[in-house]
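# Overview (structure and organization)
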Amino acid sequence: AQSVSQHNHHVILSEAASLELGCNYSYGGTVNLFWYVQYPGQHLQLLLKYFSGDPLVKGIKGFEAEFIKSKFSFNLRKPSVQWSDTAEYFCALDNSNSGYALNFGKGTSLLVTP
Amino acid sequence: DAGVIQSPRHEVTEMGQEVTLRCKPISGHNSLFWYRQTMMRGLELLIYFNNNVPIDDSGMPEDRFSAKMPNASFSTLKIQPSEPRDSAVYFCASSHLADTQYFGPGTRLTVL
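Report on the accompanying structure. (Residues numbered from 1 in each chain as written. Chains lettered and ligands numbered in written order. Predicted model: local features only at pLDDT ≥ 70, side-chain atom pairs only at ≥ 80, totals over all residues. Heavy atoms only, no water.)

What follows covers unusual backbone geometry. Residue and element names in this part refer to chain B. With omega at -10°, the peptide bond leading from Ser7 into Pro8 counts as cis. Looking at where Pro8 falls in the secondary structure, it is placed in the loop between strand S1 (5-7) and strand S2 (10-13). Of note, the bond from Gln80 into Pro81 is cis; its omega dihedral lies within 30 degrees of zero at -5°. With respect to the helices and strands, Pro81 occurs in the loop between strand S8 (74-79) and strand S9 (88-95). (Helix = DSSP H or I, 4+ residues; strand = E, 2+ residues; numbered from the N terminus.)

Pasting the structure below:
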């Protein structure tokens, strides 16, 4: 069985603070990893993804994530958040055995205050 | 491309009524996924199709839920009869083979 765990359910940061959201997964085989963002009232959008290769992945809007296989982790980072980053962030994985259907973590709600 | 299109965007109905949610995937995508989002359970996969064929419906809560994909450009998710616990946001997503999934805007369903 596969699962995704996001440790922080609610995060509040001031603008310009650095962000790191934790994501750990449980699966013994090869996985693809994703971070999606859901802005208030909007649908999910892909921030970044890791399929293979360089474990440091850069996404849109200055976000990046690092795949650490030994730790089964794929943490999301941004050096300086903006008020517009206020959103719900979801870590997800898929693999060939699941038909590439996404298995999501519970999400982290980020509030960035001015 | 218009992206994944879902309708209706909002649906309010009474318990016991039939509800039909619709999805038009991105043209050329051959995989279609239905997810449900609730506060308690987060985002859950309900069912997915490859080349219009249902592959895994193990996430469908019970027999009241059914999904069809009669052609490559249309899918429906039906709940009959609906219950208040079905209230959620239902997302449709599509992808090409094993590539990135693109999500629609969702249908917010409220069952009174």
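Once you've had a look at it, read on.
Our focus in this paragraph is the interface of chain B and chain A. Interface size is commonly expressed as the accessible surface area that is lost when the partners come together. Facing the 16 residues of chain B at the interface are 15 residues of chain A. There are one salt bridge connecting chain B and chain A. For Asp99(B), the salt bridge goes to Lys49(A), with nearest N and O atoms at 3.2 Å. At the junction of chain B with chain A, the criterion picks out five residue pairs in polar contact (both at pLDDT 80 or more). Within the side of chain B that touches chain A, the residues separate by chemical class into 10 nonpolar, four polar and two charged. (Contact = heavy atoms within 4.5 Å. Salt bridge = Lys/Arg side-chain N within 4 Å of Asp/Glu carboxyl O. Polar contact = N/O pair within 3.5 Å; in protein donor to acceptor, adjacent residues only side chain to side chain. Nonpolar A, V, L, I, M, F, W, Y, C, P; charged D, E, K, R; others polar.)

The subject of this paragraph is the state of the cysteines. Residue and element names in this part refer to chain A. Tallying each qualifying case throughout the model produces two disulfides over all chains. Disulfide partner of Cys23: Cys91, at an S-S distance of 1.9 Å. Of note, the bridge from Cys23 to Cys91 carries an S-S torsion of about -65° and is left-handed in sense. Here Cys23, found in the loop between strand S3 (19-21) and strand S4 (24-26), pairs with Cys91, found in strand S10 (residues 87-94); they are 68 residues apart in sequence, far enough to count as distant. The exposure class of Cys23 is buried, given its relative accessible area of 0%. Given a relative accessible area of 0%, Cys91 falls into the buried group. (Disulfide = S-S within 2.5 Å. Buried < 20%, exposed > 50% of the residue type's maximum accessible area, 1.4 Å probe, protein only.)

All right, on to the sheet that holds S8(B) then. All names here are of chain B. One open sheet accounts for four strands, arranged S1-S3-S8-S7; its pairing is antiparallel. On the outer flanks of this sheet lie S1 and strand S7 (65-71), each paired with one strand and no other. The sheet shows a mean angle of 15° between the axes of neighbouring strands, direction not considered. Where S7 and S8 come together, five bridges link them in antiparallel fashion. Pairing of Ala67 across the sheet is with Leu77, part of S8. (Pairing = 2+ DSSP bridges. Axes fitted to C-alpha atoms, helices over the stretch in contact; angles between N-to-C directions.)

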